[in-house]
Amino acid sequence: MLIQRHAPMLRPLTTAHLAQTMSLLELTALELRQKVEAELARNPALELIDEYRCPTCARILRANSPCPVCSHPQVSSPDQPIVFLSSRQDFYPASSGKTSLDEFSGDDYPPAKINLAEHILRQIGPELALEDRPIALHILTSLNDDGLLTVNPTEIALYHHVPRSRVEKTIRQIQATDPLGVGSTSPQEALLVQLEILGETLHAPSLVAEAIRAGLELLSPHRSTDLARSIGIPAAQAKQIVRFIADNLNPFPARAYWGEPSQTFARDPNVYHLPDIIISRVNDTDDTPLVVEIAMPYYGTLRVNPLFREAIQNAPEDKSELWQTDLEQATLLVKCIQQRNNTIVRLMQRLVVIQRGFILYGETHLCPLTRAEMADQLQVHESTMSRAVSDKAIQLPNQRIIPLAMFFDRSLHVRSVLKELIAKETSPMSDANLAILLSGQGYPVARRTVAKYRAMEGILPAHLRSQAR
DNA sequence: CTATGGCACGGATT
DNA sequence: AATCCGTGCCATAG
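Keep in mind the model is a prediction, meaning the values are calculated, not measured.

*Asks:* Residues and numbers for the protein's contact with DNA strand C, please.
*Replies:* The environment of DNA strand C is formed by 9 residues, the closest being R410, A446, T449, K452 and Y453. Counting only atoms of DNA strand C within 4 Å of the protein, the fraction found in sugar and phosphate groups is 74%. In this structure, A446 approaches DNA strand C through a main-chain N or O atom, which is 3.1 Å from a phosphate oxygen. At 2.9 Å from a base oxygen of DNA strand C is found a side-chain nitrogen or oxygen belonging to K452. Along the lines of polarity and charge, the residues of the surface near DNA strand C split into 3 nonpolar, 3 polar and 3 charged.

Structure (structure tokens):
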């Protein structure tokens, strides 16, 4: 009887094991930490003890206290990076006030990825009247990727049975937060809001607002004569206005955010992400070893509670089955997390060696690398690599936080060479010229591709570059 | 006539 | 199997 009950349970275990390994790998450390927290609270078989093993000398230590012996990592050679799982509790900067989307409650952790809605909520959360919160949530969940509102404010008002003015008041509050103009119903409105707020500190040329109202399509650089005619001003003034708008305003407030193929309005996109991995250098020499810290999903050591394992022998009849599955799940979770960490550690050990140039000297030195190649080197499946890389953020020695996927960008190095080329040029070169030049430097790219890269970097076409600066 | 952007196709990547 | 990316062809703006 016992055997019969156990045999069928083993099968699902193996498939479940695989399934869970997969799903854990693609989580960021913070997401995983939340999952672990939840399991700890629910599953009595799991326990978290306040100690960990020093990555360098294998001593057992209290969690979050550095190893007295190895407080400085031992020096190793440039091609022998120091890679370890970090239990530092200050790995992530503390969050300021908790205002997460899910009902302003719950987690004490700063989310690893803050989406636009949460980012805004953090800013206005405190000053938002309680009864306006449902309205704000409605607005924030109706934003598209550009940060524009996709539903009619009247609809929102009707839905919540409030006057339209209440909704508009909330929208105005939202528009004044960081991606300035976010929550507007149209690009025009967004521009006007930005103008209004920036105008307080910035000196804006006169008639900018009129220009914006004249229509977005007239704001493109080559149509300044049309714009001039439309609002009755000299062409030079129109040009100046267009310039001001292009430099300071953004018709799609959220375009500068991460994950976007943000071309024209690329800005430093890193502010809203917390690293899963931190790389630092030991000294300032060129052959400094690199230190790679990988965020642990918890502090201390997660393990199956030995007491629980014993207690299960004489469990009460009605609880026996439940405890058994709890125990299996706990074991599984611990194993899977170990496997996840192991994969990431091995990945980083290779990656840091291959992309050393990129890490130390920047984009130009990025060596084109595909996830598939990496998977091959590490003897793991391609999809495993894909999951390990996706969604993770990594901090470089120069403090920049970038998506881990950037290490696998196939065109970044060519783009950065292109950027340099254009920066150094004396007279603007056409795309065709640039294509030939790049081929000469060992980057065979088609003329059309140069154009695409240019657009990606937000560089204007040749005939417009001449007047700039 | 030249330079550039749009559309779409095919091959690589995930 | 779905997606992304480089490229060729063509229309259009200058």
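There is more to say, and it comes next.
*Asks:* Can you tell me about the pairing of strand β5 (residues 277–281), naming the residues and giving the values?
*Replies:* Both β5 and strand β6 (residues 290–295) contribute to a ladder of 5 bridges, which runs antiparallel. Of the residues in β6, the one forming a bridge with I279 is V292. Relative to strand β8 (residues 393–395), β5 runs parallel, the two being bridged by 2 bridges. Its bridge partner being in β8, I277 is matched across the sheet by I394.

*Asks:* Which residues make up the nonpolar core, and what are the values?
*Replies:* Membership of the largest hydrophobic core comes to 31 residues, with the highest contact counts inside it found for M348, L404 and F407. The element that contributes the greatest number of residues to this core is helix α12 (residues 317–354), accounting for 6 residues. Leave out the neighbours within four places in its chain, and F407 touches L351, Q355, F358, I359, L366, C367, L369, I394, L396 and I402.

*Asks:* Give a description of the protein's contact with DNA strand B that names residues and reports values.
*Replies:* In the region of DNA strand B, 16 residues are neighbours, and R371, S386, D431, R448 and R454 sit closest. Put simply, 58% of the atoms of DNA strand B that lie within 4 Å of the protein are in sugar or phosphate. Within the side chain of S386, an N or O atom sits 2.7 Å from a sugar or linking oxygen of DNA strand B. For the surface near DNA strand B, the secondary structure elements donating two or more residues are α14 (371–378), α15 (382–389), α18 (447–457) and α19 (462–465). The residue makeup of the surface near DNA strand B, split by class, is 4 nonpolar, 4 polar and 8 charged.

*Asks:* A description of unusual backbone geometry should follow, citing residues and the corresponding values.
*Replies:* The backbone of H161 sits at a positive phi, close to 55°, despite the residue not being glycine. Classification of H161 as exposed rests on a relative accessible area of 73%. Not every positive phi belongs to a glycine, and Q379 is a case in point at roughly 60°. Mapping Q379 onto the fold places it in the loop between α14 and α15.

*Asks:* Help me get a handle on the environment of D391, residues and values and all.
*Replies:* You can see D391 is positioned in the loop between α15 and β8. In this structure the C-alpha to C-alpha distance between D391 and P403, which are 12 residues apart in sequence, comes to 7.0 Å.

*Asks:* Quick one: what's the story with empty space enclosed by the protein, residue by residue and with numbers?
*Replies:* The final tally for this structure, using the stated rule, is 2 cavities of 30 Å³ or more. If you add up the space inside the second largest cavity, you get close to 40 Å³. The wall of the second largest cavity is formed by A29, D276, I277, I294, A295, R340, I344 and K392. For the lining of the second largest cavity, the elements supplying multiple residues, two or more each, are β6 and α12.

*Asks:* I'd like to hear about the confidence of the model for chain A, residue by residue, with values.
*Replies:* With 74% of its residues at a pLDDT of 70 or more, chain A has an overall mean of 74. In the model of chain A, helix α1 (residues 2–25) stands out as the element of lowest mean pLDDT, 47, in contrast to helix α17 (residues 431–440), which has the highest, 92. A low-confidence stretch, residues 1–15 stays under pLDDT 50, and its non-local contacts, those more than four residues away or across chains, total 6 contacts.

*Asks:* Can you break down the packing of aromatic side chains residue by residue, with the values?
*Replies:* Across all of its chains, the model carries 2 aromatic pairs by this definition. When the ring of F308 is compared with that of W323, the centres are 5.5 Å apart and the planes differ by 40°; the resulting orientation is tilted. Here the residue F308 occupies a position in helix α11 (residues 306–311), and W323 occupies one in helix α12, the gap between them amounting to 15 residues. You can call F308 buried: its relative accessible area is 9%. For W323, a relative accessible area of 22% translates into the label partly exposed.

*Asks:* Describe the environment of I197, with residues and values.
*Replies:* On the secondary structure map, I197 appears in helix α7 (residues 187–198). You can call I197 partly exposed: its relative accessible area is 28%. Placed 21 residues apart in sequence, I197 and A176 show a C-alpha to C-alpha distance of 7.5 Å. Here I197 is in contact with Q175, A176 and L180, once residues within four sequence places are set aside.

*Asks:* Hey, could you go over the packing of helix α5 (residues 153–160) against helix α6 (residues 164–175) for me, with residue numbers and the actual values?
*Replies:* Interhelical geometry of α5 versus α6 gives an angle of 120° and a closest axis separation of 8 Å. Of the possible angle classes, the one that applies to α5 and α6 is oblique. Our pair here, α5 against α6, has a crossing hand that is right-handed. Side by side, α5 and α6 meet where P153, T154, I156 and A157 of the first sit next to R164, V167 and I171 of the second.

What counts as what
- Each chain carries its own residue numbering, running from 1 in the direction its sequence is written.
- Each chain gets a letter, beginning with A, and each ligand a number, beginning with 1, in the order they are written.
- Only residues with pLDDT of at least 70 are given local features in this predicted model, and only at 80 or more are side-chain atom pairs given and counted; all residues enter the totals for whole chains, interfaces and linings.
- Hydrogens are left out, water is left out, and the side-chain values use all remaining heavy atoms of the structure.
- Residues are labelled near a given molecule or strand when at least one of their non-hydrogen atoms is within 4 Å of it.
- Each polar contact in these results corresponds to two N or O atoms within 3.5 Å; when the atoms are within protein, one needs to be able to donate a hydrogen and the other to accept it, and residues that are neighboring in sequence are counted only if both atoms are side-chain atoms.
- Under the scheme applied, nonpolar residues are Ala, Val, Leu, Ile, Met, Phe, Trp, Tyr, Cys and Pro; charged residues are Asp, Glu, Lys and Arg; polar residues are all the others, including Gly.
- One bridge is not enough; two strands pair if DSSP finds at least two bridges between them.
- Under the scheme used here, helices are H or I runs from DSSP no shorter than 4 residues and strands are E runs no shorter than 2 residues, and both carry numbers assigned from the N terminus.
- For this analysis, a nonpolar core means a set of buried residues of the types Ala, Val, Leu, Ile, Met, Phe, Trp, Tyr and Cys, connected via side-chain atoms within 4.5 Å.
- Here's how the labels work: a residue is buried when its accessible area is under 20% of the maximum for its type, exposed when over 50%, partly exposed in between, all with a 1.4 Å probe on protein chains only.
- Residue contacts are defined here by distance: any two heavy atoms, one from each residue, within 4.5 Å place the two residues in contact.
- Residues are said to line a cavity or pocket when one of their atoms sits within 4 Å of a point; the points come from a 1 Å grid over protein atoms alone, cavities being sets where a 1.4 Å probe fits but cannot get out and pockets being open sets with protein on both sides within 12 Å along at least five of seven lines.
- Grid points are joined across faces, edges and corners, and a volume is the space filled by probe spheres set on the points.
- The quantity known as pLDDT measures the predictor's confidence residue by residue, on a range of 0 to 100.
- When two rings of Phe, Tyr or Trp (its six-membered ring) have centres within 6.5 Å they constitute a pair, described as stacked for plane angles under 30 degrees, edge-to-face for angles over 60, and tilted for the intermediate range.
- Lines are fitted to the C-alpha atoms to define the axes, a helix being fitted only along its stretch in contact, and any angle between axes, read from their N-to-C directions, falls within 0 to 180 degrees.
- Should an angle lie under 35 degrees it is considered roughly parallel, over 145 roughly antiparallel, and from 65 to 115 roughly perpendicular; all remaining angles are considered oblique.
- Here a crossing is taken to be left-handed if its near helix is turned anticlockwise relative to the far helix by less than a right angle, and right-handed if that turn runs clockwise.

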